[in-house]
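Spelled out, the chains give:
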Amino acid sequence: MLEEIYIAGFGGQGALSTGQLLAHAGLMEGKYVSYVPIYGVEKRGGVANCGVTISNQQISSPLVTEPTVLVVMNSLSLERFEKAVVPGGLIIINSSLVEPRVQRTDIRVLPICANEEAESLGDPMVANNVILGALLEITRVVAIETVSEALKDVLPVRRHDMIPVNVKALEKGAELVREYNNLFKE
Amino acid sequence: MKGNEAIGEGAVRAGCRYFFGYPITPQSELTHYLAKRLPEVGRLYMQAESEVASINMVYGASGAGARVMTSSSGPGISLMQEGLSYLAGAQLPCVVVNMMRGGPGLGNIAPSQADYFQATKGGGHGDYHLIVLAPNSVQELVDIMKKAFDLADRYRNPVMVMADGIMAQMMEPVELDDQYQIEIQPKPWAATGKVDHEGKNLINSCYVIPEEMESLNFILRDKYSEINKNEQVCEEYQLDGADIVLVAFGTASRICRAVVEKARAQGIPVGMIRPISLWPFPADFIGTAANRVKCFLSVEMNMGQMVEDVRLSVCGKAPVYHYGRFGGMVPTVRDVLEEVKKIYSGGAGQ
């Protein structure tokens, strides 16, 4: 098993937090993990991308240049990284903010209105974890329960009151994928 | 654990008692970490007013016999060069961390390996060497700090640990020993106010009379040749049957490891040598390897610096090529693999 996940967005959207959470959950499951953030000099609104590698074997290069999964949180990133995804790979797009117009035909695309879904849960800040929930449901790279557990380590204690809504967001994302799959079955 | 934090924890566990530094991206989390961690174990963190002040505070603490370090990135390390020359001249042990970033000039905060020349060939004025170590994983960042402090004390010489923006910000799993012991050998030369020693201990690098200066230079030369003999360290990867050998350190060596795997899967016999000590450069190992391989490719995040040392080590026994990306750009596995294939089809495979 080797997943190379690239999460791309603007500073403030939670791209880096999502990557850290995922990497930490991988670590908790005893897998080899690496997390490499790439960000601009701006505190908010600049480029905020990260690559997360989760594998059953030792990781050679921690840099994700040809992702198996691309998470797109802004339109700039879709244009920039669509070409890099491996054939047969997956792009998850936050379609609340990005028109999911993908040129490639050899990859799977999942648009999710993550902002609206997060607002319906009562907190627009958890949009990133709606997306992460969907990613976990499709790839099964780590268990959703492990990620929920990892929130305790990744979030500072003063933010632990936000764990329930983040867990809800993860579950919501997974549920959306299941609904989407059922749609095709019928 | 983040690379910067790993260095901080490694330093604490190596018995680093003082840290003097000034924040600069991409190493600021290191100062941040030590600002919190050092006081927890009853030691001192101090943010200096500049890098020039930091390195001279290091000079003072080291002269008094303490384990001491500073850290910075490119522009800040440049400011420290005068101090480093003084430390080398006065034979003072210390550890300096350089998290390299894109340059020259103010450059950017992206990863780079462009300070290789500065670190391994002097950097400051005068005839001296730093011991230079280049880890390539977060675990190694922790482990190498102890080695760095031990080497500094053993040879009474500044040691530089070199990494880059990726290694600094990257998170990887780290195993920390619950049991760790710090053994620091006595330093009878230290200027401790006559508490621990008889007579006068003078810490100095100023010798007005050339004969006296030269005798210090002789001492340094003997020391450097001993370091060169004893402390060359490198790691080999899939060298058996390799026609093409990649030479890379730090982040570039992680990329090259993946290149070796991909090339081998396609039937191209590629191996890698990863220098862990950049000075002393593992010339003996590379020189021996040159007898049985067809060519070398030095992969660096610079315009071609380490490649000169590879050429000196190979000593004409095989062609040595260079592949680099610069200015904060990082070579991709695909690009290096293409370069390998180009070389292979161009004759190295025959």
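Here the structure is a predicted model, which is why all the values come from computation and not from measurement.

**Examining the sheet that holds strand 2 (residues 44-47) of chain B**
All names here are of chain B.
Move 1: Reading across from one edge, 2-1-3-4-6-5-10 is the order of the 7 strands in this open sheet, with mixed pairing throughout. Because the sheet does not close on itself, it has two edges, and the strands there are strand 2 and strand 10 (277-279). Across this sheet, the average inter-strand angle for adjacent strands is 20 degrees, counted without regard to direction.

**As for the environment of Met1 of chain A**
Residues and elements named next belong to chain A.
Move 1: Examined against the element boundaries, Met1 turns out to sit in the segment before strand 1 (2-10).
Move 2: Counting along the chain gives 54 residues from Met1 to Ser55, while the straight-line C-alpha distance between them is 5.5 Å.
Move 3: Discounting residues that sit within four places of it in the chain, Met1 has contacts with Lys31, Ile54, Ser55, Asn56 and Val141.

**A word on helix 10 (residues 250-265) of chain B**
Residues and elements named next belong to chain B.
Move 1: Counted at 1.5 Å a residue, the expected span for helix 10 with its 16 residues is 22 Å, and the 24 Å between its end C-alpha atoms agrees.
Move 2: When you tally the buried positions in helix 10, you get 12 out of 16 residues, the bulk of the element.
Move 3: Gly250, Thr251, Ala252, Ser253, Arg254, Ile255, Cys256, Arg257, Ala258, Val259, Val260 and Ala263 are the residues of helix 10 that are buried.
Move 4: Gly267 sits one or two residues past helix 10 and shows a positive phi near 85 degrees.

**Brief notes about the sheet that holds strand 9 (residues 270-275) of chain B**
Residues and elements named next belong to chain B.
Move 1: Spatial ordering of the open sheet is given by 7-9-8-11-12, a layout of 5 strands whose pairing is mixed. A strand with exactly one partner marks an edge of an open sheet, and here the two such strands are strand 7 (234-237) and strand 12 (320-324). Across this sheet, the average inter-strand angle for adjacent strands is 20 degrees, counted without regard to direction.
Move 2: The pairing of strand 8 (residues 244-247) with strand 11 (residues 295-300) spans 4 bridges and is parallel. By the bridge assignment for strand 11, Val247 is matched with Ser298.
Move 3: Packing of helix 10 onto the sheet brings it into contact with strand 7, strand 8, strand 9 and strand 11, and relative to strand 9 it is tilted by some 165 degrees.

**Concerning empty space enclosed by the protein**
Residue and element names in this part refer to chain A.
Move 1: The full count for this structure, using the stated rule, is 1 cavity of 30 Å³ or more.
Move 2: In this structure, the largest cavity spans a volume of roughly 40 Å³.
Move 3: Every residue along the wall of the largest cavity is listed here: Gly9, Val47, Asn49, Asn74, Leu76, Ser77, Arg80 and Phe81.
Move 4: At the level of secondary structure, the elements contributing two or more residues to the lining of the largest cavity comprise strand 3 (47-55) and helix 2 (75-81).
Move 5: In terms of residue count, the dominant contributor to the lining of the largest cavity is helix 2 (4 residues).
Move 6: Here the residues of the lining of the largest cavity sort into 3 nonpolar, 4 polar and 1 charged.

**Quick look at the packing of aromatic side chains**
Residue and element names in this part refer to chain B.
Move 1: As enumerated under the stated definition, the model contains 6 aromatic pairs over all chains in all.
Move 2: Consider the rings of Tyr116 and Phe249, whose centres lie 5.8 Å apart with planes at 40 degrees: the pair is tilted. Residue Tyr116 is found in helix 6 (residues 116-120), and its partner Phe249 is found in the loop between strand 8 and helix 10; the two are separated by 133 residues along the sequence. Across the pair, exposure class does not vary: Tyr116 and Phe249 are buried alike.
Move 3: A network of ring pairs unites the aromatic residues Tyr116, Phe117 and Phe249 as a single cluster.
Move 4: The ring of Tyr237 has Arg257 lying over it, and the distance from NZ or CZ to the ring centre is 4.1 Å.

**What about the environment of Val72 of chain A?**
Residues and elements named next belong to chain A.
Move 1: Relative to the elements of secondary structure, Val72 occurs in strand 4 (residues 69-72).
Move 2: Given a relative accessible area of 0%, Val72 falls into the buried group.
Move 3: Distance from Val72 to Ile93, taken between C-alpha atoms, is 4.8 Å for residues 21 residues apart in sequence.

Cut-offs used in this document
Residues numbered from 1 in each chain as written. Chains lettered and ligands numbered in written order. Predicted model: local features only at pLDDT ≥ 70, side-chain atom pairs only at ≥ 80, totals over all residues. Heavy atoms only, no water. Pairing = 2+ DSSP bridges. Helix = DSSP H or I, 4+ residues; strand = E, 2+ residues; numbered from the N terminus. Axes fitted to C-alpha atoms, helices over the stretch in contact; angles between N-to-C directions. Contact = heavy atoms within 4.5 Å. Expected span 1.5 Å × (residues − 1). Buried < 20%, exposed > 50% of the residue type's maximum accessible area, 1.4 Å probe, protein only. 1 Å grid on protein atoms, 1.4 Å probe; cavity = no way out; pocket = protein on both sides within 12 Å on 5 of 7 lines; lining within 4 Å. Points joined across faces, edges and corners; volume = space filled by probe spheres on them. Nonpolar A, V, L, I, M, F, W, Y, C, P; charged D, E, K, R; others polar. Phe/Tyr/Trp six-rings, centres within 6.5 Å; stacked < 30°, edge-to-face > 60°. Lys NZ or Arg CZ within 6 Å of the ring centre and 35° of its normal.

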